[in-house]
Amino acid sequence: MAIDLNVENVSKTFGDFTAVREVSFAVEKGRFFSILGPSGCGKTTLLRMIAGFIEPTVGRIMIRGKDMAGFPPNRRPVNLIFQHLALFPMMNVAQNIAFGLQRRRETRAEIDRKVDDILARVGLPGFGGKRIDQLSGGQKQRVAIARCLVLDPAVLLLDEPLGALDLKLREQMKVELKKLQAEVGTTFIYITHDQSEALVMSDHVAVMNGGRFEQVDTPRNLYARPQTPFVARFVGENNGWKGVVADRQDGLCTLRTDDDQLFSAATHDDLPPGTPVIFFIRPEAIIIAPDAGLENFNRMTAVIQSILFDGANSRMLAMPEAGATELMIALPQNRQYDHLKVGDRVAIGWSARSAVCFKDR
Amino acid sequence: MRSRRSLTFLLFITPVVLWLFLLIVLPHVDLLLMSFHTEDDSGAMVWSLVNYLNFFQEPVYWRTFMRTAIYAILVTMITFAVSLPVAFYITKVVSPRFSGFLSLLLLMPFWVSELVRVYGWMILLRESGVLNHFLMVSGLLQRPVEMLYNDVTMVMGLVYTSMLFMVVPLISVLESLDDSLIEAAYDLGGGIFSIVTRIIIPHAMPGIMSGGIVVFMLTLGNYLTPNLIGGKNSLWFTEQIYNQFIASFNWNQGAAFGFLLLVLSSSIIWLGLKLTRQKLSQVVQ
């Protein structure tokens, strides 16, 4: 596959502050690539370096094999969709979309044809004459995308464009964006702090923290096999413990937690006995009232502290009788657990294979 | 309740109406009537159009009139061209901490009176002035050159005098311009020219017009700067009005000239608003 974007060992420092540290990645043509991280992790700086608004302190950015050093934003084959879209309020929809084409000095007939084409493609045929303030949030979104796509960029950069929308519309736009990207086949680089946006839409996600990439992987792998404690905590919800390795055999280890409980867990690192570790178990991996016959299973009794009803995403908080760390447990809304109340004692447990552990640094 | 509200309204509106009526409307009505009167042979006041006819029949009057109008428009345009980069620099380029300080620097010269500022320019530019002295010392000039009393210096002086009134409204409109619009235009392939003409100027239009109106009216009605810097070579229409009132003691002629100037400024502003498709109510906000 052709590589559309190649970022090689890029760093950016502002005075004493390092915003981006030695980041390298490549994106294949036609992929949806997301950069996920908390605010202030350097993802916007990285995106602005690709767009050309900031020059990297160290490293190279190549677009379709061409080194972009010294190219200003108006001469790069990439376009950026801004967080607040930055549609030009002094122009109507068609003029907004035609702006870039006019800068390329295309003929009027050609511009009109392309504008009509792209408007039909994003599902807004006949909207050319509307003013920007006549559009709804979702329509503005589509005009912003059309304004960039009409220029046929090598890479389309998106800076959290769904952040300003309300929840319902955001869910809808996620699906639409994914569909649109598959349809036009343009390479998308999407930055967000919302893990659900990244997981739903992307082919690959890079999790960024403190200016570094922690892990670049498919959404499924990020969730199932996080490679650092930060990824485990940031992507999806997790219950975390600190402890030490007490014993180890057949890819399983026995862990003694700081609050003095013994668990068995799968390990993917080389962790000899005595190593301090941090380990995680997902809320939905904890089973309420498990069968007695399961092997390699951690069992305990816990007291329900509170029930957090949130539809399909409902949770309960429970305190193990032997421990001091409260657990978050998924509560499927299939009526099976409707009888549970605060203060009840329940049997819970999880398979050793569904816990992940890391060396604690 | 209703009557009390209308009472407070009356209380606030009365001074405004009185001020407008006594100081603006009444004297203007008097001047208007005066401009249509003239002395007959016996010295009595009679109705007449002779003051306006004089204006059209005497070339020096209407030539000065046209000159003043054209130079006032020119000064307004130059002031805009100089002020836009200044306002852009203050609002978008320097850090916000520094921009307040820069605005203050712009304001500083206005703490002294216009007269003092104009004399400042005269000290710099006259034949025995500072600039000539340095040019002579550095050997660039053999003999001093009179830089005052020509149109170029006068236009420069008028631009200097009115710049603040253009920069301030431009700063306030440019502050409301979202930086990401400029970045988006840049990202979509726009160069400096297209960003200025397609994004910045359309956004700043209300500020440009309100600054333009103020600068144009101040320039058109300016007496000091054209008189002192322009001198006898650069006649300004306000000087004609002054001459009629004070030198010729022909108040009727002066009143007619005053009204012609009022008609001129109103119609040019109306034309400007029409051409840029702005509404006066929008511009004065």
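Thresholds applied
Residues numbered from 1 in each chain as written. Chains lettered and ligands numbered in written order. Predicted model: local features only at pLDDT ≥ 70, side-chain atom pairs only at ≥ 80, totals over all residues. Heavy atoms only, no water. Helix = DSSP H or I, 4+ residues; strand = E, 2+ residues; numbered from the N terminus. Contact = heavy atoms within 4.5 Å. Areas by Shrake-Rupley, 256 points an atom, 1.4 Å probe, with all protein chains shown as cover. Lys, Arg positive; Asp, Glu negative; His and termini not counted. Charge placed at Lys NZ, Arg CZ, Asp CG, Glu CD. Pairing = 2+ DSSP bridges. Domains from an automatic or database assignment. Buried area = accessible area lost by both parts, 1.4 Å probe. Salt bridge = Lys/Arg side-chain N within 4 Å of Asp/Glu carboxyl O. Polar contact = N/O pair within 3.5 Å; in protein donor to acceptor, adjacent residues only side chain to side chain. Nonpolar A, V, L, I, M, F, W, Y, C, P; charged D, E, K, R; others polar. Buried < 20%, exposed > 50% of the residue type's maximum accessible area, 1.4 Å probe, protein only. Axes fitted to C-alpha atoms, helices over the stretch in contact; angles between N-to-C directions. pLDDT = per-residue confidence, 0-100. Expected span 1.5 Å × (residues − 1). 1 Å grid on protein atoms, 1.4 Å probe; cavity = no way out; pocket = protein on both sides within 12 Å on 5 of 7 lines; lining within 4 Å. Points joined across faces, edges and corners; volume = space filled by probe spheres on them.

Some thoughts on the overall build of chain B
At step 1: Along its length, chain B carries 13 helices and two strands.
At step 2: Along the longest, intermediate and shortest principal axes, the C-alpha atoms of chain B span 80 × 75 × 35 Å.
At step 3: For chain B, contacts bridging at least 24 residues in sequence account for 66% of all contacts bridging at least 6.
At step 4: Total accessible area computed for chain B in this model is approximately 16,800 Å², and 71% of it derives from carbon and sulfur atoms.
At step 5: Of the charged side chains in chain B, 15 are positive and 15 negative, and the gap between their average positions amounts to 10 Å.

Let's talk about the sheet that holds strand E17 (residues 315-320) of chain A
Residue and element names in this part refer to chain A.
At step 1: Read from one edge to the other, the open sheet built from five strands follows the order E15-E19-E16-E17-E18, with strand pairing classed as antiparallel. On the outer flanks of this sheet lie strand E15 (287-288) and strand E18 (327-330), each paired with one strand and no other.
At step 2: Where strand E16 (residues 297-308) and E17 come together, six bridges link them in antiparallel fashion. The partner of Ile 304 across the bridge, within E17, is Ala 318.

Section: the domain arrangement of chain A
Residues and elements named next belong to chain A.
At step 1: We note that the domain assignment places domain 1 (3-233) and domain 2 (237-359) within chain A.
At step 2: The distance between the C-alpha centroids of domain 1 and domain 2 comes to 39 Å.
At step 3: Opposite the nine residues of domain 1 that make contact, domain 2 presents eight residues.
At step 4: In total, about 750 Å² of surface goes out of reach between domain 1 and domain 2, with carbon and sulfur atoms giving 56% of it.
At step 5: Contact with domain 2 buries area across many residues of domain 1, yet Tyr 223, Ala 232 and Arg 233 alone supply 58% of it, more than any other trio.
At step 6: Between domain 1 and domain 2 we count zero salt bridges in total.
At step 7: The tally of links between domain 1 and domain 2 comes to three residue pairs in polar contact (both at pLDDT 80 or more).
At step 8: Of the residues assigned to the side of domain 1 that touches domain 2, the class counts are six nonpolar, two polar and one charged.

A closer look at the side chain of A:Asp217
Residues and elements named next belong to chain A.
At step 1: On the secondary structure map, Asp 217 appears in strand E10 (residues 212-217).
At step 2: It turns out Asp 217 is buried and unbridged, and the closest side chain with the opposite charge, Arg 225, is 6.6 Å from it.
At step 3: In terms of polar contacts, Asp 217 uses its side chain to reach the side chain of Asn 221, at 3.1 Å.
At step 4: For Asp 217, the residues in contact, after removing those within four places along its chain, are His 204, Val 205, Leu 222 and Gln 227.

Some thoughts on the sheet that holds strand E11 (residues 239-249) of chain A
All names here are of chain A.
At step 1: Spatially, the five strands line up as an open sheet ordered E13-E12-E11-E14-E20, and their pairing is antiparallel. Pairing within the sheet leaves two strands with one partner each, and these edge strands are strand E13 (262-266) and strand E20 (356-359). Neighbour to neighbour, the strand axes of the sheet diverge by 45 degrees on average, direction disregarded.
At step 2: Pairing of E11 with strand E12 (residues 252-257), which is carried by six bridges, proceeds in the antiparallel orientation. Each residue of the ladder has a partner; that of Val 245, found in E12, is Leu 255.

Points about the confidence of the model for chain B
Fine structural detail should not be taken from predicted coordinates in areas where pLDDT scores are low.
At step 1: Per-residue pLDDT for chain B averages 87, and the proportion of residues at 70 or more is 98%.
At step 2: Here helix H13 (residues 280-283) of chain B stands out as the element of chain B with the lowest mean pLDDT, 72, in contrast to helix H8 (residues 179-187) of chain B, whose mean of 93 is the highest.

Concerning helix H4 (residues 137-149) of chain A
At step 1: With 13 residues, H4(A) ought to run about 18 Å at 1.5 Å a step, and its terminal C-alpha atoms sit 19 Å apart, in line with that.
At step 2: Of all 13 residues in H4(A), eleven are buried; the element is thus mostly enclosed.
At step 3: Among the residues of H4(A), A:Gly138, A:Gln139, A:Gln141, A:Arg142, A:Val143, A:Ala144, A:Ile145, A:Ala146, A:Arg147, A:Cys148 and A:Leu149 are the ones counted as buried.
At step 4: For H4(A), the elements touching its buried residues are strand E6 (78-81), helix H2 (93-103), helix H3 (108-121), strand E7 (155-159) and helix H5 (167-184) of chain A together with H8 of chain B.

So, the layout of surface pockets
Residue and element names in this part refer to chain B.
At step 1: Looking at the largest pocket, its volume works out to about 540 Å³.
At step 2: Every element with two or more residues in the lining of the largest pocket is listed here: helix H3 (59-93), helix H9 (192-220) and helix H12 (251-275).
At step 3: A total of seven residues in the lining of the largest pocket trace back to one element, the largest contributor, which is H9.
At step 4: In this structure, the second largest pocket occupies an estimated 380 Å³ of space.
At step 5: Along the wall of the second largest pocket there are 13 residues; nearest its centre are Phe 88, Lys 92, Ile 182, Ile 195 and Ile 200.
At step 6: Every element with two or more residues in the lining of the second largest pocket is listed here: H3, H8 and H9.
At step 7: Counted by class, the lining of the second largest pocket contains ten nonpolar, no polar and three charged residues.

So, the pairing of strand E14 (residues 276-281) of chain A
Side-chain direction in a regular strand flips from residue to residue, so the side chains alternate between the two faces of the sheet.
Residue and element names in this part refer to chain A.
At step 1: Summarising burial for E14: five of the six residues are buried, a large majority.
At step 2: When E14 meets E20, the two strands line up antiparallel, connected through four bridges. Note on E20: the bridge partner recorded for Phe 279 is Cys 357.

Let's talk about the domain arrangement of chain B
Residues and elements named next belong to chain B.
At step 1: Parsing chain B into structural domains produces domain 1 (1-35) and domain 2 (47-283).
At step 2: Using only C-alpha atoms to locate each centre, domain 1 and domain 2 end up separated by 31 Å.
At step 3: If you look at the interface, domain 1 gives six residues, while domain 2 gives eleven residues.
At step 4: Between domain 1 and domain 2, roughly 660 Å² of surface is buried when both sides are summed, and carbon and sulfur atoms account for 72% of that area.
At step 5: For domain 1, the biggest contributors to the area lost against domain 2 are Leu 31, Met 34 and Ser 35; these three give 70% of the whole.
At step 6: At the junction of domain 1 and domain 2, the tally comes to zero salt bridges.
At step 7: Run the count over domain 1 and domain 2 and you get three residue pairs in polar contact (both at pLDDT 80 or more).
At step 8: The residue inventory of the side of domain 1 that touches domain 2, partitioned by class, reads four nonpolar, two polar and no charged.

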